[in-house]
Amino acid sequence: MAKHKKQPRPKAAAPKGFRDYFGAEVTRRQSMLAEIARIYHLYGFDALETSAVETVEALGKFLPDVDRPNEGVFAWEEDGDWLALRYDMTAPLARVAAQYRQDLPSPYRRYTMGPVWRNEKPGPGRFRQFYQCDADTVGSASMAADAEVCAMLADVLEAVGIARGDYVVRVNNRKVLNGVMEVAGIGGPEHEAERGIVLRAIDKMDRLGEAGVRALLGEGRRDESGDFTKGAGLGESEISTILKFVHGKRVISEQLSDVADQDRVDPLPPDRVNNVEAVRYLRNLVSGSEEGLEGVKELEEIATLLDAQGYGPDRVVIDPSVVRGLGYYTGPVYEAELIGDLARFGSVAGGGRYDDLVKRFTGQEVPATGVSIGVDRLLAALSGQERDAGHGDGPVIVTIMDRQRTGEYQTMVRRLRDAGIRAELYLGNPKNFGNQLKYADKRGAPIAVIQGEDEAARGVVQIKDLKLGAKLAASLSHEEWRDQPAQFECAVADMVDAIRKRLS
């Protein structure tokens, strides 16, 4: 008889491109999302939750770098229909706006938060599941809606702890880019494929540099692994026109610096561009293209509306280098980027106008605009600043010195919780007290409560400030340690007030 083959144990590892989030990370995220939701709500947006699963047909083919409807998403076939996990929050909104158009107010303003999934090649800091936090206005063609999104984005960043001067909201217009491509000779419908390659290429400027983008605009590019990406096949003149657009911010900054040198006036920093000069530069670049000039006019209107509210180029700038990779944008596009000491985190939010997305369902054009915040990257920036320190604190740990008095210890925990103090009773084996303190350290507990037989008889508890104790331990002698302030005694009746005071 054949010997039964033992089933191998499953590998304890998250799938490639996915990760797990633990207590402090989840707490920080929830706190930040609550603050973002507060600003969104303040601006008049209502909450909406949609299904994580949509039909592939409803999602559409809008992801960059894909040529087939199901590529780039996690999709499966069910009863003859293709279903997929949402890759962003905007496509589901378009479906909702079409499905409930008779019931929803117009314009409809909503915000939503949750995970999205993209079946892309993972890399350092690039995951297949990540959080997005969106706010959109559906049903308004006014540039005031776009200006409001930019202002709100600036307010959100400051509300969560990004100081003014550490971020900038950059604004461009897809119509201007279309005008540039028209001037470059690839504006007709017969050049749709080339325009798609151009769009994806210049969106990779930060990652590939000018040489890589130039190759993709031309015959193509071979990466380090040997994979070849076909280019747009443009000539040198066309490539030069497009790169003038991409490098517009740099050119304008250099021009302003020259003027400042002559007039002895300090120019804006190189990551900020005077909005009036940006409009002038772009108008000259797309001269001869009706669509391009329309885009420039829209940018000028947005800048004027923002300036009237006090959002000048110290917070919001017109920047020709902003493209945005998703294919459904039709007008203004924007990105929020961290700068200065936080520049390594790059873009933390982006969005734009997508007037054709709802039209896919209804056949009628429905103007819409919105923004999406990249939660994980923004969280990383905030953690780096240590401005959210404290969210990672664990609970107060009530230790067990006498197993027979577990009920009394649980009463202490209850009193702390009733006072709004996060607390828990040690539930492991209490035999080794040292293990209880090791557990408290692993939990990030700020305080441990200790009551042995002697303390119980006297009606007191020992309060051990674990964080302060860790700081003092490295510098105090043994004699000093016995009298150091990281551990003190108080009456049981005063326990809650003493802990609250120490935590504050």
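Here, every reference points to the structure presented above.
Below is a summary of the structure that appears in this document. (Residues numbered from 1 in each chain as written. Predicted model: local features only at pLDDT ≥ 70, side-chain atom pairs only at ≥ 80, totals over all residues. Heavy atoms only, no water.)

### A closer look at the sheet that holds strand β3 (residues 75-78)
Taken together, the three strands give an open sheet; going across it, the order is β2-β4-β3, and neighbouring strands pair in antiparallel fashion. Among the strands making up the open sheet, the edge pair consists of β2 (53-55) and β3. Averaged over all adjacent pairs, the angle separating strand axes in this sheet is 35°, with direction ignored. Sheet topology note: the β3/strand β4 (residues 81-85) ladder contains four bridges and is antiparallel. Bridged to Glu77 within β4 is Trp82. (Pairing = 2+ DSSP bridges. Helix = DSSP H or I, 4+ residues; strand = E, 2+ residues; numbered from the N terminus. Axes fitted to C-alpha atoms, helices over the stretch in contact; angles between N-to-C directions.)

### Here's the deal with the pattern of salt bridges
The final tally for this structure, using the stated rule, is 24 salt bridges. The shortest N-O distance in the salt bridge between Arg280 and Glu277 comes to 3.0 Å. In this pair, Arg280 and Glu277 both sit in helix α10 (residues 275-285), three residues apart, roughly one turn of the helix. Assessed through its relative accessible area of 44%, Arg280 is described here as partly exposed. For Glu277, a relative accessible area of 23% translates into the label partly exposed. With a closest N to O distance of 3.1 Å, Arg414 and Asp418 form a salt bridge. Here Arg414 pairs with Asp418, and both are found in helix α14 (residues 406-418), just four residues apart, close to one helical turn. (Salt bridge = Lys/Arg side-chain N within 4 Å of Asp/Glu carboxyl O. Buried < 20%, exposed > 50% of the residue type's maximum accessible area, 1.4 Å probe, protein only.)

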